[in-house]
Amino acid sequence: MTQNALTAELLAPELAGDARELLAQLGSPEALPALPLAASVLKLDAVRDAGTLRRFLAGYRDQILVPVELPAILAAHGHATRNELRELLALDRELGLDARLKEFRAASAAVGRRQLAKLRPLRDQRFVQRYLHAVENAEAHGWHTLIFGVFLAQYSLPLRQGLVLYGQRTLGGFLESASATLRLPVTTSDALFDEAIAPMTAEANGLLARSAPTLAVAK
């Protein structure tokens with residue numbers, strides 16, 4: 001399924017405007033760490049051509065996206081489903097101690113706070129309001145991955161598709177940013193995107209399979 005098709009599938013007509021906007025903005029330039037900074041943190045060559053961009057996308061996917069971000073989304077989804085605010089706040093603090101995310105902290109918080117603010121209208125959702133309160137009072141960082149997991153839970157969106165969408169939009173956002181600078185042909189960009197996202201469905205399925213007992217309890 002293509003990125004646009006998957007986005008359309010999750011952007012159900014019944015979603016409120018703010019919810020649709022939040023989901024659609026995944027992978028936008030402002031939602032991503034600066035590409036040069038990300039490459040430096042990951043100890044990858046600076047992106048200067050299609051080859052270095054290919055290695056960057058694979059490196060980010062394998063070092064950050066799959067081992068850190070997707071599990072964080074899944075865990076946040078579970079905590080939100082079970083109304084486990086204390087556990088979500090503990091996870092929020094735990095991510096703050098992860099050296100792999102140190103340089104991404106400010107960008108993630110800025111995006112996360114904007115995303116969380118869009119859930120403010122959910123006055124009847126005490127879990128969301130309490131997490132928002134904790135972030136606003138500096139009791140939580142507000143990582144954008146955690147907020148996306150909470151978002152999926154609050155709107156009862158398909159978890160597997162949500163994980164794949166996050167991966168596609170994140171890698172696609174980096175690709176779009178780099179392609180504009182490198183002036184890559186559309187065919188090259190499309191090929192790089194297809195290659196980068198090829199493992200995402202299998203990675204999401206594997207993550208969900210490993211978490212099956214926890215998910216069963218959540219139901």
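Residues numbered from 1 in each chain as written. Predicted model: local features only at pLDDT ≥ 70, side-chain atom pairs only at ≥ 80, totals over all residues. Heavy atoms only, no water.

With that out of the way, let us pick up empty space enclosed by the protein. Taken as a whole and judged by the stated rule, the model has 2 cavities of 30 Å³ or more. Quantified by volume, the largest cavity comes out at close to 140 Å³. Contributing to the lining of the largest cavity are 16 residues, with E69, L101, F104, S108 and H144 lying nearest its centre. Secondary-structure elements contributing two or more residues to the lining of the largest cavity are α4 (50–81), α6 (105–117) and α8 (144–154). It is α4 that provides the largest number of residues to the lining of the largest cavity, a total of 4 residues. The residue makeup of the lining of the largest cavity, split by class, is 12 nonpolar, 3 polar and 1 charged. (1 Å grid on protein atoms, 1.4 Å probe; cavity = no way out; pocket = protein on both sides within 12 Å on 5 of 7 lines; lining within 4 Å. Points joined across faces, edges and corners; volume = space filled by probe spheres on them. Helix = DSSP H or I, 4+ residues; strand = E, 2+ residues; numbered from the N terminus. Nonpolar A, V, L, I, M, F, W, Y, C, P; charged D, E, K, R; others polar.)

Next up on the list: the environment of H79. Turning to its location among the elements, H79 is positioned in helix α4. On the accessibility criterion, H79 (13% relative accessible area) is buried. Between the C-alpha atom of H79 and that of A153, which follows or precedes it by 74 residues, the distance is 9.0 Å. Ignoring any residue separated from it by four or fewer positions in sequence, one finds H79 in contact with E84, E87, L88, L91 and F127. (Buried < 20%, exposed > 50% of the residue type's maximum accessible area, 1.4 Å probe, protein only. Contact = heavy atoms within 4.5 Å.)

Applying the stated criterion across every chain, the model contains 7 aromatic pairs. Their ring planes at 35° and their centres at 6.2 Å tell us that F56 and Y60 sit as a pair that is tilted. In this pair, F56 and Y60 both sit in helix α4, 4 residues apart, roughly one turn of the helix. When its relative accessible area of 1% is taken as the criterion, Y60 is described as buried. Ring centres 5.0 Å apart and planes at 80° place the aromatic pair F56 and F174 in the edge-to-face group. Pair noted here: F56 is in helix α4 and F174 is in helix α9 (residues 159–182), with a separation of 118 residues, a long-range link. Take F174: its relative accessible area is 1%, and that puts it in the buried class. Three or more aromatic residues joined by ring pairs make a cluster, and in this case those are F56, Y60, F104 and F174. (Phe/Tyr/Trp six-rings, centres within 6.5 Å; stacked < 30°, edge-to-face > 60°.)

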